[in-house]
Each structure stands twice: as C-alpha cells, then as structure tokens.
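# Structural features, examined
Each chain, letter by letter, is given below.
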Amino acid sequence: MSAPVPIRSPLPAALAGHNVLIVGGSSGIGLAAARLLSEAGAGLCLVAREETRLKEAAGSLGDGARVRVMAADVTDEVRLAEVFERAGPLDHVLLTAGAATRAPLADAAPSRVRDSFDVRFWGGYATARAAAGRLPAGGSITFMSGVYTVRPIAGAAAAIASGAACEGLARALAVELAPRRVRVNAVRSGVVDTPPLRRRLGVAQADPAQADAAVAEAGRHLPLGRFGTAEETAAAALFVMAHPYVTGSVLTVDGGQSLA
Ligand SMILES: NC(=O)c1ccc[n+]([C@@H]2O[C@H](COP(=O)([O-])OP(=O)(O)OC[C@H]3O[C@@H](n4cnc5c(N)ncnc54)[C@H](OP(=O)(O)O)[C@@H]3O)[C@@H](O)[C@H]2O)c1
C-alpha cells in the first residue's frame, strides 16, 4: 500500500469565507480540519481546554490564517455560552473533543468511564444548543463517531456507546433543525494516527522515526495496510459541512476497517 496522498477536493472551496468553530481544534482530527479549512479560505475559532496548545495549533496554520483561539471545557455550559458570544457570526461547528477512558465492564464503575459521555455526548449536546440559534440557513453541526460503533472491541463499552449516541444525536437534530435549514451530520472514523493512538501504542514519547515505524506495523493488518490520517477523516468532515444537501448522514471514512 502506498503512502496516503494529500487530500485535494474541489468541494471545500464552497467553505471559503465561512466561519467555522472547532471544539477540539488543537490536536488530531480537529487540527487537521482547521488546516484544510484555512487552506480553503475559511475563518476559524479553535476551542479546547489548554491555551498553550491552542496557540501552538493556531501558529502552525501559518501567517495567512484567519484564526482565533478560546480556551474552554466543553462540559462547562456557562463558558460555552461565553465562547459563542465572543465568537461572533458562525456558519459551521465541528466537534472533535473527546475523552475515552477505556476499561472492561467488570473494572469500570460508571464514575470511571463517564467522561466519554460527559465530553463527547453531553458536550456535543450543549454545544449544539449554544450553536443552533446562531447558525444561518445552510449552516451545519458535525459530530464525531468511530468505527467501533459497528465493529466493537472489548473493554471500551462506554467510549464506544458515546460515539453511537452522537450518531443518534446527529440524526435527531437533523430532523429538529431542518426547519431552520441547519444541517447536522456525523463522521464515523476508522482508527487514525493521532496522539491518542500513539499513547495507546506506548510510543507518544518515542523517537519520531521509531514511533512512525510502530504505528505502521500496528496498522499493517488493516484492509488498506495502514491506519487513516487525521487529514483523511477531517476531509470527510469538510465534505458534510460543505455539501448543502447532506443532513442526518453518518459518513463512514475508515479505510474498510468496519469490514475486516
Ligand atoms: N483518533 C482516532 O482513531 C479516532 C477514531 C474514531 C473517532 N475518533 C474521535 O474523534 C475525536 C477526535 O479524536 P482525535 O484523535 O483527534 O483526539 P485528540 O488528538 O486527542 O484531540 C482531542 C481534542 O479535543 C480537545 N478536548 C478534549 N477534551 C476536551 C474538553 N473537555 N473540552 C474541550 N476540548 C477538549 C483536546 O484539547 P485539550 O485536551 O486541550 O482540551 C484536543 O484539542 C474524538 O471524539 C475521538 O473519539 C477518533
């Protein structure tokens, strides 16, 4: 399998001049989406908890980027309201904030694994509530889900269920917000090479070449011979954001991982 090629799609051009708020924009899929959106000419507001990482992320987008950052925890509704107040006019919201404590059922009291729902589902719900009344006709909200919702692994039930819940939330809100012409979708991603994967493989602090080799080896058994890239999943988020007739969809971008 050859290396992934950079994503080049004409559709994101439709996002030029749009304003997009990304909750989770300082890392992984959210940061990759920020990069693609910036290249497409969109203005950005990146939200995450750690301000230093947010500033680094914004800096990495280059001088031409129209980007603001706001530190906030998506589980804090009061702070979320302030963020939306300060963000000004927005066209789209993308949610990639996620926490996923994994533990087998026998070891996992609800209090230990509740973070998945608190951040991804309730954080997403609260963000949608804060965003819905502000988005214009044609605007959109995009949630994240994952391949494990249809092909589960053991020991991650709460985390997996929170992704499935976000798919349900996207479909339900697509119906509820359709009269306002606001679209709501979810992207169901395969496992991609972002910091959480590197932490799970124990190579987050390793020498970069060794870490790359470990990631490549771990992904070799997958249908396309590798994990996805953050950019590949982010491109799917841009697709549902930009496509004016896509709502209530769960777009799978998993390199066939759900078939293997
Ligand atoms: N990577 C995968 O293989 C994969 C596969 C399927 C689905 N997904 C889902 O895709 C999403 C993004 O994954 P990723 O790999 O890109 O993760 P990541 O690299 O860890 O990025 C997560 C982002 O969310 C922010 N965040 C976390 N908790 C937050 C909170 N309470 N409030 C506000 N921001 C918060 C983080 O910044 P701070 O820590 O500074 O807040 C960071 O910017 C997650 O929902 C994940 O479950 C990932």
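If you check an unreviewed UniProt entry, the chain appears there as SDR family oxidoreductase from Streptomyces vulcanius. In its Sequence similarities (unreviewed entry) section, the UniProt record describing the chain reads: "Belongs to the short-chain dehydrogenases/reductases (SDR) family."

## Concerning the overall build of the chain
Each helix and strand counted, the chain has 9 helices and 7 strands in total. Over its C-alpha trace the chain gives a radius of gyration of 17 Å, about what one expects of a compact globule, namely 18 Å for 260 residues. By its C-alpha atoms, the chain is 45 × 40 × 35 Å across when sized along the principal axes. Counting over 260 residues, the chain shows a buried share of 47%. Contacts in the chain between residues at least 24 apart in sequence constitute 70% of all its contacts with a sequence separation of at least 6. By element, 55% of the accessible surface of the chain is carried by carbon and sulfur atoms, the whole surface being about 12,500 Å². In the chain, 26 side chains carry a positive charge and 23 a negative one; their mean positions are 4 Å apart.

## Concerning helix H6 (residues 157–177)
Three- or four-residue spacings in an α-helix give side chains the same orientation, since the helix completes a turn every 3.6 residues. Under the 1.5 Å per step criterion, the end-to-end length of H6 is 30 Å for 21 residues, consistent within 8% with the ideal 30 Å. For H6, every residue scored as buried is listed here: Ala159, Ile160, Ser162, Gly163, Cys166, Glu167, Leu169, Ala170, Leu173, Ala174 and Leu177. Buried residues along H6 sit in contact with helix H5 (115–132), strand S5 (140–146), strand S6 (183–189) and strand S7 (250–253).

## Quick word on the pattern of salt bridges
Counted under the stated rule, the structure contains 8 salt bridges. Taking the shortest distance from any N to any O, the salt bridge between Glu50 and Arg53 comes out at 3.8 Å. In this structure Arg53 comes out as partly exposed when scored by relative accessible area, which is 36%. Within this structure, Asp193, Arg198 and Asp212 form a network of salt bridges that share partners.

## Section: the environment of Val150
Relative to the elements of secondary structure, Val150 occurs in the loop between S5 and H6. Separated by 61 residues in sequence, Val150 and Ala211 place their C-alpha atoms 28 Å apart.

## A word on the site of the ligand
Around the ligand sit 27 residues in total, of which Ser26, Ser27, Ile29, Val192 and Thr194 are the nearest. In the model, a nitrogen atom of the ligand is placed 3.0 Å from a nitrogen or oxygen of the Asp73 side chain. Notes on the ligand: free accessible area 880 Å², of which the protein chains cover 91%. When residues of the shell around the ligand are traced back to their parent elements, those giving at least two are helix H1 (28–39), H5, S5 and helix H7 (195–200). Of all the elements, S5 adds the most residues to the shell around the ligand, at 3 residues. By residue class, the composition of the shell around the ligand is 11 nonpolar, 11 polar and 5 charged.

## Digging into the packing of H1 against helix H9 (residues 230–242)
H9 packs onto H1 with a crossing angle of 60° between their chain directions and a minimal axis gap of 8 Å. In terms of axis orientation, H1 runs oblique to H9. The handedness of the crossing between H1 and H9 comes out as right-handed. In this structure, H1 uses Gly28, Ile29, Ala32, Ala33, Leu36 and Leu37 to contact H9, whose residues at the interface are Ala230, Glu231, Thr233, Ala234, Ala235, Leu238 and Met241.

Calculation notes
Residues numbered from 1 in each chain as written. Predicted model: local features only at pLDDT ≥ 70, side-chain atom pairs only at ≥ 80, totals over all residues. Heavy atoms only, no water. UniProt positions renumbered as here; feature names shortened; annotations may be inferred. Helix = DSSP H or I, 4+ residues; strand = E, 2+ residues; numbered from the N terminus. Rg over C-alpha atoms; globule rule 2.2 N^0.38 Å. Buried < 20%, exposed > 50% of the residue type's maximum accessible area, 1.4 Å probe, protein only. Contact = heavy atoms within 4.5 Å. Areas by Shrake-Rupley, 256 points an atom, 1.4 Å probe, with all protein chains shown as cover. Lys, Arg positive; Asp, Glu negative; His and termini not counted. Charge placed at Lys NZ, Arg CZ, Asp CG, Glu CD. Expected span 1.5 Å × (residues − 1). Salt bridge = Lys/Arg side-chain N within 4 Å of Asp/Glu carboxyl O. Near = heavy atom within 4 Å. Polar contact = N/O pair within 3.5 Å; in protein donor to acceptor, adjacent residues only side chain to side chain. Nonpolar A, V, L, I, M, F, W, Y, C, P; charged D, E, K, R; others polar. Axes fitted to C-alpha atoms, helices over the stretch in contact; angles between N-to-C directions. Parallel < 35°, antiparallel > 145°, perpendicular 65-115°, else oblique. Left-handed = near helix turned anticlockwise from the far one by under 90°.

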